[in-house]
Protein chains: 2
Amino acid sequence: MSECQADACELLTPMEIYKTLTAQGNKVRALKSENADKADIDTAVQLLLKMKCEYKKLTGQDYKAGCPPTEDITSPENGPGSEDGDDVVDPWNVTTNNAKGVDYDKLIVRFGSSKIDKELVDRIEKVTGQQAHRFLRRGIFFSHRDMHQVLDAYEKNKSFYLYTGRGPSSEAMHVGHLIPFIFTKWLQEVFNIPLVIQMTDDEKYLWKDLTLEECHRYTVENARDIIACGFDVNKTFIFSDLDYMGMSPSFYRNVVKVQKHVTFNQVKGIFGFTDSDCIGKISFPAIQAAPSFSSSFPQIFNGRKDVPCLIPCAIDQDPYFRMTRDVAPRIGYIKPALLHSTFFPALQGAQTKMSASDPNSSIFLTDTPKQIKNKVINKHAFSGGKDTIEEHRQFGGNADVDVSFMYLTFFLDDDEQLEKIRQDYTSGALLTGELKKCLIETLQPMISAHQDRRKQVTDEIVQQFMTPRKLDFEY
Amino acid sequence: MSECQADACELLTPMEIYKTLTAQGNKVRALKSENADKADIDTAVQLLLKMKCEYKKLTGQDYKAGCPPTEDITSPENGPGSEDGDDVVDPWNVTTNNAKGVDYDKLIVRFGSSKIDKELVDRIEKVTGQQAHRFLRRGIFFSHRDMHQVLDAYEKNKSFYLYTGRGPSSEAMHVGHLIPFIFTKWLQEVFNIPLVIQMTDDEKYLWKDLTLEECHRYTVENARDIIACGFDVNKTFIFSDLDYMGMSPSFYRNVVKVQKHVTFNQVKGIFGFTDSDCIGKISFPAIQAAPSFSSSFPQIFNGRKDVPCLIPCAIDQDPYFRMTRDVAPRIGYIKPALLHSTFFPALQGAQTKMSASDPNSSIFLTDTPKQIKNKVINKHAFSGGKDTIEEHRQFGGNADVDVSFMYLTFFLDDDEQLEKIRQDYTSGALLTGELKKCLIETLQPMISAHQDRRKQVTDEIVQQFMTPRKLDFEY
């Protein structure tokens, strides 16, 4: 047998390799019991060893007959900065060469999650008695893990809680940063449940060239924008890791529990850490994992460790929660469920995630109406329109790659209006300038309203949201 | 040139390799500028690369011309479980084949610390106006780092604080565990300074097959024994990591600072961690480092970050503090000073450290007078005496390998009496049975007195010692 066969393992999931390995083990035993030719046995054994090595590389676990791999947390396709075509998706990098953006259907296959299909959207509407949020209707939240279990329990009057977060790497937040919060606020309302929001200022300190004081200040400033999204103070706890770790022995205990059950091999496989990375980065994933367990918040859940958790987040955060879901049963906790969103495109096009450090890559929450207009119209918003009006009228524009249209799918709530824009733009009836005008007229009042609400968020209100305390919650 | 030359690097310190590397770099440049024979240049370059690789392996740093290695924290001899002759000394293993115990003079050279010589002992007596503790007089605390700087500052009325600790892996403590505490209590008294005692229950959870609850319970039980050593409650703070991490944002901030400035390469070099170790172990050294900085205890030091720290500990803990001293200046803190003790021998002989899990390996703090007598006399205490009384009278005993005599050096305070015992045993005038009787008569009242004091340590007193609070302290 050639080496190619073992190398082919790289295209298989750990479970598939596990099965192939088991088969190969049986084959070796069969050859031996038949007293087969020594060369044949040796070849079979060599392949078996190669596969075991591959299996360990992928799973961080030794192959043991009869013990299938635990959840697929480090498959090659799930690995850090791994590539499928040209898409790279991990917590620190999102790039694609496709102007339409990342291929999300492929991502679902790679990550082993489930598609949010019409059936699930319908079910959420039925359970909540509310129209689904536009992010669900339009596939912006497109993937999930265990959402049906959450709904099953909810229908039996077993509540759950929401957990989302933000890495506060600068004072400036852009509209893309609001996506998980807009959606989480909706979930909080329609399910009437508590929410915890983790501000990973410790992560930013570890990854960026920032002081602890800067990271903590960004936490507070970002919390103002988050609060301005309209969260219910009686049901929402926002916490800085730097503060809460030093305020909650229960939280630290859960961090240590996770840290005991994850090896360097595993985080290397999941996040691509290397031996040159600092030990803070290496152990940080446990800190992002811990809020997935209700016992991290005894003040909210009266010490209950069995309240299920639902995490709405962008798909690039999934590696953290694949790890969390792998660990959960081993430390006696429930696996968190997830709802994954697509990425919000940069003004320059959907190939990259926006960057808070490039002021022209997006609309910032501090932008004036004039700045919004300039960014959209003048130079920065990638267009799917044709070069001349004549050509545009004749051939129509391409809404699929047009950033202004993409932004409208995020922020224009009226489905009919959006569909009409799409049709008119595609037919050529609507010109690029007119499309941009629609977007400007959607964004300007939205951002102004946000700024007005943010001004109302006093230091006392921030303090209130960030104080560990009892929340309205019945289970 | 043969490979042997590069392999010889393994016997050199990082600084020595650095110098050899610099010389080799110069040689390569010289050969090139002379247009020397290509084969010669290639050979020289290959050796250079090999040495660079070796350098990185040892230091965790890339070789840069003009930048000598920072403090020698991962020299091959300092490495985990490294061997010099047959001595192995790291936080988890201490073994030697020499019946006299570990060769401590060699250890000073390997670890790059300084010997506690007569001059230093005299100086401590002069500064404190007290006779030196028997552990100093007898070389039981035998090695130090920067003790002269601590005394320089103290003479200028700049105070310091003490930091020591214990890993609570079981309820049972033995007499050997008391060594650092007996000595630290003396230091606290003669210098009149505050003391913090770290109970690394998180470490024990990560390393052992114990629950968090068990580790925390051992912390409280061990704290009782520590308090029974007579510490001043107004100057002593005892803390459980599991509790204090969740009570002090300042402590967690220092942990994260250290975690940002230590790489996996470094802890691999220092502690011998592997890719299969859990991420909790990998990041734990930062938690043992953090109490070395006064800003970890704002309640004690009013937020001052410049109060020097002196750490009395057994020499096997030095790797943690080599790392700490390497990091300190890079995060704007003072390097802690250290006083290192030898190991307390097991009853079975000085080749190994005692084990809390083997009840016959030492005298436990819970032993009855009868148990003490049985352990010492009957079977367990390794003797340096001869096989028969006649032989013993004729040739004398060997005090250097006799565990009863070693124990007396730890616990019999009277220098003259101890010296007389040594001489009489060596000459044969004192029989093994008589020597053992001396030890029994020393240990029995000592352990009884400890048990009496421990009984006085109520839950309230433990609570008081373990509450973060202001201590008596002037700086």
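Residues numbered from 1 in each chain as written. Chains lettered and ligands numbered in written order. Predicted model: local features only at pLDDT ≥ 70, side-chain atom pairs only at ≥ 80, totals over all residues. Heavy atoms only, no water.

## Description of the overall build of chain A
Then comes step 1: From N to C terminus, chain A includes 23 helices and 12 strands.
Then comes step 2: Across the 475 residues in chain A, those meeting the buried criterion constitute 55%.
Then comes step 3: For chain A, the share of sequence-separated contacts (at least 6 apart) that also reach a separation of at least 24 residues comes to 76%.
Then comes step 4: Accessible area for chain A stands at about 19500 Å²; split by element, carbon and sulfur atoms hold 50% of it. (Helix = DSSP H or I, 4+ residues; strand = E, 2+ residues; numbered from the N terminus. Buried < 20%, exposed > 50% of the residue type's maximum accessible area, 1.4 Å probe, protein only. Contact = heavy atoms within 4.5 Å. Areas by Shrake-Rupley, 256 points an atom, 1.4 Å probe, with all protein chains shown as cover.)

## Quick word on the side chain of H392 of chain A
Residue and element names in this part refer to chain A.
Then comes step 1: By the element assignment, H392 lies in helix α19 (residues 389-395).
Then comes step 2: Here the side chain of H392 touches L430 through a polar contact of 2.7 Å, landing on its backbone oxygen.
Then comes step 3: If sequence neighbours within four positions are ignored, H392 has contacts with G385, K386, G397, Y425, G428, L430, L431 and T432. (Polar contact = N/O pair within 3.5 Å; in protein donor to acceptor, adjacent residues only side chain to side chain.)

## Some points on the packing of helix α20 (residues 403-411) of chain A against helix α22 (residues 432-456) of chain A
All names here are of chain A.
Then comes step 1: In the contact formed by α20 and α22, the axes pass within 9 Å of each other and the chain directions differ by 40°. Taken as axis vectors, α20 and α22 run oblique relative to one another. Note on packing geometry: the crossing formed by α20 with α22 is left-handed. Where α20 abuts α22, its residues S404, F405, Y407, L408 and F411 lie against L435, K436, C438, L439, T442, L443 and M446. (Axes fitted to C-alpha atoms, helices over the stretch in contact; angles between N-to-C directions. Parallel < 35°, antiparallel > 145°, perpendicular 65-115°, else oblique. Left-handed = near helix turned anticlockwise from the far one by under 90°.)

## Here we look at the state of the cysteines
Then comes step 1: Counted by the stated rule, this structure contains zero disulfides over all chains.
Then comes step 2: Unpaired in this structure, C313 of chain A has its nearest cysteine sulfur neighbour in C309 of chain A, at a distance of 10 Å.
Then comes step 3: Not part of a disulfide, C278 of chain B finds its nearest cysteine sulfur in C215 of chain B, a span of 13 Å.
Then comes step 4: Classification of C278 of chain B by relative accessible area gives buried; the value is 8%. (Disulfide = S-S within 2.5 Å.)

## Structural notes on the relation of the copies chain B and chain A
Then comes step 1: Mapping chain B onto chain A leaves a residual RMSD of 0.4 Å; the transformation is a rotation of 180° accompanied by 0.0 Å of translation along its axis. Viewed as a symmetry operation, the transformation between the two copies matches a two-fold axis. Among all residues of chain B, the minimum C-alpha distance to the rotation axis is found for G246 of chain B, at 2.1 Å.
Then comes step 2: A shared interface surface links the copies, since 97% of the contact residues of chain B are contact residues in chain A too. (Least-squares fit on C-alpha atoms with pLDDT ≥ 70 in both.)

## Describing the environment of D326 of chain A
All names here are of chain A.
Then comes step 1: Considering the arrangement of structural elements, one finds D326 in helix α17 (residues 318-327).
Then comes step 2: Given the relative accessible area of 3%, D326 is considered buried.
Then comes step 3: Expressed as a C-alpha distance, the spacing of D326 and D387, which sit 61 residues apart in the sequence, is 51 Å.

## A look at the pairing of strand β5 (residues 141-145) of chain B
Residues and elements named next belong to chain B.
Then comes step 1: Judged by how many residues are buried, β5 sits mostly within the fold: five of five residues are covered.
Then comes step 2: Alignment of strand β4 (residues 114-115) against β5, held across two bridges, turns out to be antiparallel. Bridging across to β5, S114 finds its partner in H144.
Then comes step 3: Bridge analysis of β5 against strand β10 (residues 337-341) gives four bridges, and the strand direction is antiparallel. Counterpart to F141 in the pairing with β10 is S341. (Pairing = 2+ DSSP bridges.)

## Describing the sheet that holds β5 of chain B
All names here are of chain B.
Then comes step 1: Pairing within the open sheet is mixed, and its seven strands lie in the order β4-β5-β10-β9-β6-β7-β8. The sheet terminates laterally at β4 and β8 (236-240), the two strands that pair on one side only.
Then comes step 2: Against the sheet, helix α4 (residues 104-111) contacts β4 and β5, and its axis sits at roughly 10° relative to β5.
Then comes step 3: Packing against the sheet, helix α8 (residues 175-191) makes contact with β5, β6 (161-166), β7 (195-199), β8, β9 (309-314) and β10, and its axis sits at approximately 165° to β6.

## Some thoughts on the interface of chain B and chain A
Then comes step 1: On the side of chain A, 38 residues touch chain B, which itself brings 39 residues to the contact.
Then comes step 2: Buried area between chain B and chain A, summed over both chains or domains, comes out near 3300 Å², and the portion from carbon and sulfur atoms is 60%.
Then comes step 3: Among the residues of chain B in contact with chain A, Y252, K260 and I279 of chain B are the three that bury the most area, contributing 23% of the side total.
Then comes step 4: Here chain B and chain A share four salt bridges between them.
Then comes step 5: The partner of K268 of chain A in a salt bridge is D275 of chain B, and the shortest N-O contact between them spans 2.3 Å.
Then comes step 6: Applying the counting rule to chain B against chain A returns 29 residue pairs in polar contact (both at pLDDT 80 or more). (Buried area = accessible area lost by both parts, 1.4 Å probe. Salt bridge = Lys/Arg side-chain N within 4 Å of Asp/Glu carboxyl O.)

## Some thoughts on helix α21 (residues 415-427) of chain B
Residue and element names in this part refer to chain B.
Then comes step 1: Helix length check: α21 (13 residues) gives 18 Å between terminal C-alpha atoms against 18 Å at 1.5 Å per residue, within 8%.
Then comes step 2: Regarding α21, the residues found buried are L418, I421 and Y425. With its buried residues spanning 60° around the axis, α21 presents them on a single face. Relative to its buried face, α21 has exposed residues pointing more than 90 degrees away, namely E416 and K420.
Then comes step 3: On its buried face, α21 sits against α19 (389-395), α20 (403-411) and α22 (432-456).
Then comes step 4: In this structure D414 caps α21, since a side-chain oxygen of it lies 2.9 Å from the backbone nitrogen of E416.
Then comes step 5: Once α21 ends, the next one or two residues include G428, with phi positive near 100°. (Expected span 1.5 Å × (residues − 1). Arc of directions from axis to C-beta.)

## Describing the sheet that holds strand β6 (residues 161-166) of chain A
Then comes step 1: With respect to topology, seven strands assemble into an open sheet ordered β4-β5-β10-β9-β6-β7-β8 (chain A), the strand pairing being mixed. At either end of the open sheet lies a strand with only one pairing partner, and these are β4 (114-115) and β8 (236-240) of chain A.

## Thoughts on the pattern of salt bridges
Residues and elements named next belong to chain A.
Then comes step 1: All chains considered together, the criterion is met by 56 salt bridges over all chains.
Then comes step 2: Between R137 and D413 there is a salt bridge, and its shortest N-O distance comes to 3.7 Å. Separated by 276 residues along the polypeptide, R137 in helix α6 (residues 134-137) and D413 in the loop between α20 and α21 (415-427) bring together distant segments of the chain.
Then comes step 3: In this structure, the salt-bridge partner of R138 is D415, at a minimum N-O distance of 2.7 Å. Residue R138 is found in the loop between α6 and β5 (141-145), and its partner D415 is found in helix α21; the two are separated by 277 residues along the sequence.
Then comes step 4: Accessibility expressed as a relative area gives 34% for D415, which makes it partly exposed.
Then comes step 5: Taken together, the shared-partner salt bridges in this structure form one network comprising R134, R137, R138, D413 and D415.

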